[in-house]
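Given next are the chains, with one letter for each unit.
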Amino acid sequence: MRVIVCIKQVPRAQELQVDPVTQTLKRVGVPSEINPPDANALEMALRLKDHLAAEVIVLSMGPTSFDESLERAVAMGADRSILLTDRILGGSDTVPTAYALSETIQKIGGYDLLLCGEETTDASTGHVGPGIAGHLDLPQITYTSEIRIEDGKVRARRTAEDGTEWWETTMPCLCTVNFGCNKPREPTLTGKIRVERGGVVTHWSCADVGIDPKKVGLFNSPTIVAKVDTVRLPARAGRIFSGEPEETVRKLLDALIADRVIVP
Amino acid sequence: MERFDAIVVGAGPAGSAAALTLARKGFSTLLVERGRAPGVKGMFGGRVYAWPLADLLPDWAKDCPVERSVVRENLAFLTENASLTVSLDSPKLAQGRGTSFTALRAKFDAWLAKKAQDAGAMLVTGIRVDDLWREGGRVKGVSVAPNDHVAAELVVIAEGAAPTLMRKAGLRADLEPREVSVGIKETVELPPEAIQDRFGLGEKEGAAFVYAGYASMGLRGGGFLYTNKASVSLGLVVSSEDLSRKKIEVQDLQTKFRMHPAVQRLLRGGKVVEYSAHLVPELGAGMMPQLSTDGVLVAGDAAGFLINNGYTFRGVDLAMASGIAAGEAAEAARASGGMTKANLAVYEKFLRARNVLTDLERFRRAPLYMKNERLFDVYPRMLMEIAERMYTVDGSGKERLFDVVLDEASAAKVPKLKMLLDLLQGARSM
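If you're wondering where the values come from, they're calculated on a predicted model, not measured in any experiment.

So, the overall build of chain A
Part 1 of the reasoning: Along the backbone of chain A there are seven helices and 11 strands.
Part 2 of the reasoning: Over its C-alpha atoms, taken along the principal directions, chain A stretches across nearly 65 × 50 × 40 Å.
Part 3 of the reasoning: Taking all 264 residues of chain A together, the buried fraction comes to 41%.
Part 4 of the reasoning: A fraction of 70% describes how many contacts in chain A between residues 6 or more apart in sequence connect residues 24 or more apart.
Part 5 of the reasoning: Counting every atom, chain A has about 14600 Å² of accessible surface; 52% of that belongs to carbon and sulfur.
Part 6 of the reasoning: Each charge sign in chain A was given a centre, from 30 positive and 36 negative side chains, and these centres are 2 Å apart.

Laid out in structure tokens, this is it:
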């Protein structure tokens, strides 16, 4: 069984900074990490590998600085990584990204399951996973938190607005994975040694994959970021309640009711 | 399964010196460090005696991240508000194999680990090795997790003072309070010009201070100060037994030490930018753990290779020298047929050839002598009273020096014979 996990490298959440002039996320000189929901998708794949001897290939698209995260994925237990990297991909939004990744996945071939994080922490669109499923004409289950492979089929628990649903589909298929549904493992010594020995990340260009240059890059991306606002949080009231626990909670509840924050 | 000839645990001075030596001798070598980079978890006073570097890397001075070369040694006795300092200012201090320098671990350890990598060792960081991997009772490598073993013929334990692997290897029991001191250090930022002016140093020159007496407020131990390029390392090494017995917090001690007029004068306007604390092994040669067994060698602090004789404080040089000796022992054992306990026993010979064990044995009485509390309380005060009387001219009549000494010795309320014995014992142990 072959599982392909799509990941993105993003600025580390605690270090997110918005450039005051351009109003865009600072990406240079900021520590990076695997997009946290993608790390959950990777962990889900590695658990399948633990139990089913699946092969796990990690795929990303971006600059070669993404090697850091792709190497980490191998150190955590993935078999190998592929980075689609090409100048002409620069500025691609979710539409060309989904196209380019789906072409790359086809080139890899032989896959049974594709896993993506539900969305990225730096853009939060959640488009790419479903976009890939669309391009490849695959069944998909979004917002999953648990996956079982039974009788050659995928059964997945999907988080819905008002509860959870269990869905079943045939393979190959694509699932997007909920942020925080599991705890991604730490890299192992064996994994880090494999990375040090080299050759765990393969770089492919658009030409290697056969990606149409006229379908990618900034000019083929329909999304226009017209304006970015910084949300200013209102000042806190700063009231502190103290005393015996029961009495304190009572005081807090009364205050919240008085301020119409909650309704009794 | 990943496989190496040798795995070195800990990329401090001992581990990196061992990995460098092993790699040069043709061992495929893995160097594993628990910090995210070498040196980030390490701590020391701040000075390196360079002699093992001359053997390891004859060109070390070219790119070694030296803060300042030590050209002035100071031994200062403190009482509550006074100080008496003996200062040695000699060009010989910064020459040849006898040279020593101040350093910052994050830079120094990273540099030495890089040298090991350049020699062919593989460095892996961010992994804590906390068990040996055994099969049939024999050490076969290291183990990080149930499914994460890496095989090796030889494991060099260079994990530092906290004996995690040492205990797992059955090479020593857990530390007793009497076997460790607590080291504490503050890095105080000062402009390079201020350091040069206050300590009377050139741009690349540095000073080292050892403080006795009130530095540790009568507790067994002492203080140190080293000048870096743009900061000063100030700290204490204090008996952990005394700290718990007298219920004194080590950080209070450090603050009082920093606020002592003789110290404060040197640090005025400086900003404490870093604070660290660490265990310091005080085993002495008599209590040294087993240094080798089947498939295992022990180097550096893990082996208790530390000398504190009251005026010099050595750790990094012994660590590096023991790392080199471990590499040499591995080579000899390989030539004799393998990493067996019997073959690796040759380690001791190589340690002696570098005077590591010899120096430790020579000063083995020092830890015991240094445990004499009078040394940290009664005698410094007595010395100060004598010096104060020597230099005070106020018209109240001047005594001869000899009478002053006798008088103060009587005032100290320590029997003369005991004092004489302390003096003799001190002379022998140093």
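Things to note about the pattern of salt bridges
All names here are of chain A.
Part 1 of the reasoning: Applying the stated criterion across every chain yields a total of 36 salt bridges over all chains.
Part 2 of the reasoning: Residue Asp 79 pairs with Lys 49 through a salt bridge whose shortest N-O separation is 3.2 Å. Of the two residues, Asp 79 is situated in the loop between α2 (67–76) and β5 (80–84) and Lys 49 in helix α1 (residues 36–52); the sequence distance between them amounts to 30 residues.
Part 3 of the reasoning: We classify Asp 79 as partly exposed; its relative accessible area is 24%.
Part 4 of the reasoning: The network of salt bridges with common partners includes Glu 43, Arg 47, Asp 50 and Arg 185.

Some details on the packing of aromatic side chains
All names here are of chain B.
Part 1 of the reasoning: Applying the stated criterion across every chain, the model contains seven aromatic pairs over all chains.
Part 2 of the reasoning: Ring geometry for Phe 199 against Phe 209: centres 5.9 Å apart, planes inclined by 70°, an arrangement best described as edge-to-face. Of this pair, Phe 199 sits in helix α6 (residues 192–199) while Phe 209 sits in strand β12 (residues 205–213); the two residues are 10 residues apart in sequence, bridging distant segments of the chain.
Part 3 of the reasoning: Phe 209 gets classed as buried once you look at its relative accessible area, which sits at 10%.
Part 4 of the reasoning: One aromatic cluster in this structure is built from Trp 60, Phe 101, Phe 108 and Trp 111.

Quick word on the packing of α2 of chain A against helix α5 (residues 189–197) of chain A
Residues and elements named next belong to chain A.
Part 1 of the reasoning: In contact at an axis separation of 7 Å, α2 and α5 are set at 135° when each is read in the N-to-C sense. Between α2 and α5, the angle is such that the two are oblique. Classified by chirality, the crossing of α5 by α2 is right-handed. Every residue of α5 that contacts α2 at Glu 71, Val 74 and Ala 75 is listed here: Gly 191, Lys 192, Arg 194 and Val 195.

Observations concerning the packing of helix α3 (residues 94–108) of chain A against helix α4 (residues 128–136) of chain A
All names here are of chain A.
Part 1 of the reasoning: Packing of α3 against α4 leaves a shortest axis separation of 8 Å and a crossing angle of 55°. Classified by the interaxial angle, the pair formed by α3 and α4 is oblique. Here α3 and α4 pass one another in a crossing that is right-handed. Contacts between α3 and α4 involve Thr 94, Val 95, Thr 97, Ala 98, Tyr 99, Leu 101, Ser 102, Ile 105 and Gln 106 on the former and, on the latter, Val 128, Gly 131, Ile 132, His 135 and Leu 136.
Part 2 of the reasoning: Across the contact of α3 with α4, the residue classes break down as eight nonpolar, six polar and no charged.

Observations regarding α3 of chain A
Residue and element names in this part refer to chain A.
Part 1 of the reasoning: Taking 1.5 Å per residue as the helical rise, α3 with its 15 residues ought to reach 21 Å, and the 21 Å between its terminal C-alpha atoms agrees with that figure.
Part 2 of the reasoning: Where burial is concerned, most of α3 is hidden: 11 out of the 15 residues are buried.
Part 3 of the reasoning: If you check which residues of α3 are buried, you get Thr 94, Pro 96, Thr 97, Ala 98, Tyr 99, Ala 100, Leu 101, Ser 102, Thr 104, Ile 105 and Ile 108.
Part 4 of the reasoning: N-capping of α3 is provided by Asp 93, with a side-chain oxygen placed 2.9 Å from the backbone N of Val 95.
Part 5 of the reasoning: Downstream of α3 by a residue or two, Gly 109 has a phi angle that is positive, lying close to 70°.

As for the pairing of strand β8 (residues 131–135) of chain B
Part 1 of the reasoning: Direction of pairing for β8 of chain B relative to strand β9 (residues 138–145) of chain B: antiparallel, over a ladder of five bridges. What sits directly across from Trp 133 of chain B, in β9 of chain B, is Gly 141 of chain B.

Re the interface of chain A and chain B
Part 1 of the reasoning: Across the boundary between the two partners, chain A contributes nine residues, which contact 16 residues of chain B.
Part 2 of the reasoning: Approximately 990 Å² of surface area, both sides summed, lies buried where chain A meets chain B, with 64% of it carried by carbon and sulfur atoms.
Part 3 of the reasoning: The three residues of chain A that bury the most area against chain B are Leu 189, Ile 193 and Arg 197 of chain A, which together make up 54% of that side's buried surface.
Part 4 of the reasoning: In this assembly, chain A and chain B are joined by one salt bridge.
Part 5 of the reasoning: The residue Glu 2 of chain B makes a salt bridge to Arg 197 of chain A at a minimum N-O spacing of 2.8 Å.
Part 6 of the reasoning: Counting every contact that joins chain A to chain B gives four residue pairs in polar contact (both at pLDDT 80 or more).
Part 7 of the reasoning: Counted by class, the side of chain A that touches chain B contains three nonpolar, two polar and four charged residues.

A closer look at helix α16 (residues 401–411) of chain B
Every α-helical turn comprises 3.6 residues, leaving residues that sit three or four positions apart pointing alike.
All names here are of chain B.
Part 1 of the reasoning: Within α16, the full set of buried residues consists of Val 404, Glu 408 and Ala 409. Along the axis of α16, the buried positions cluster into a sector of 130°, meaning they face one direction only.
Part 2 of the reasoning: Directly beyond the C-terminal end of α16, a positive phi value near 60° is found at Lys 413.

Points about the pairing of strand β10 (residues 148–157) of chain B
Both faces of the sheet carry side chains from a regular strand, because those side chains alternate between them.
Residue and element names in this part refer to chain B.
Part 1 of the reasoning: Of all 10 residues making up β10, eight are buried, and the element is well covered by its neighbours.
Part 2 of the reasoning: Bridge analysis of strand β1 (residues 3–9) against β10 gives six bridges, and the strand direction is parallel. Looking across to β10, one finds that Phe 4 is bridged to Ala 152.
Part 3 of the reasoning: The turn linking β9 back onto β10 is made up of two residues.
Part 4 of the reasoning: Two elements, β10 and strand β17 (residues 296–298), share three bridges in a ladder whose sense is parallel. From the neighbouring strand, Val 156 faces β17, where its bridge partner is Leu 297.

Some details on the environment of Val 195 of chain A
All names here are of chain A.
Part 1 of the reasoning: Along the chain, Val 195 falls in helix α5.
Part 2 of the reasoning: Since its relative accessible area comes to 14%, Val 195 is described here as buried.
Part 3 of the reasoning: Note: C-alpha distance between Val 195 and Thr 142 (53 residues apart in sequence) is 32 Å.
Part 4 of the reasoning: Not counting the four nearest positions on each side in its chain, Val 195 is found in contact with Glu 71, Val 74, Ala 75 and Val 200.

Scoring rules and cut-offs
Residues numbered from 1 in each chain as written. Chains lettered and ligands numbered in written order. Predicted model: local features only at pLDDT ≥ 70, side-chain atom pairs only at ≥ 80, totals over all residues. Heavy atoms only, no water. Helix = DSSP H or I, 4+ residues; strand = E, 2+ residues; numbered from the N terminus. Buried < 20%, exposed > 50% of the residue type's maximum accessible area, 1.4 Å probe, protein only. Contact = heavy atoms within 4.5 Å. Areas by Shrake-Rupley, 256 points an atom, 1.4 Å probe, with all protein chains shown as cover. Lys, Arg positive; Asp, Glu negative; His and termini not counted. Charge placed at Lys NZ, Arg CZ, Asp CG, Glu CD. Salt bridge = Lys/Arg side-chain N within 4 Å of Asp/Glu carboxyl O. Phe/Tyr/Trp six-rings, centres within 6.5 Å; stacked < 30°, edge-to-face > 60°. Axes fitted to C-alpha atoms, helices over the stretch in contact; angles between N-to-C directions. Parallel < 35°, antiparallel > 145°, perpendicular 65-115°, else oblique. Left-handed = near helix turned anticlockwise from the far one by under 90°. Nonpolar A, V, L, I, M, F, W, Y, C, P; charged D, E, K, R; others polar. Expected span 1.5 Å × (residues − 1). Polar contact = N/O pair within 3.5 Å; in protein donor to acceptor, adjacent residues only side chain to side chain. Pairing = 2+ DSSP bridges. Buried area = accessible area lost by both parts, 1.4 Å probe. Arc of directions from axis to C-beta.

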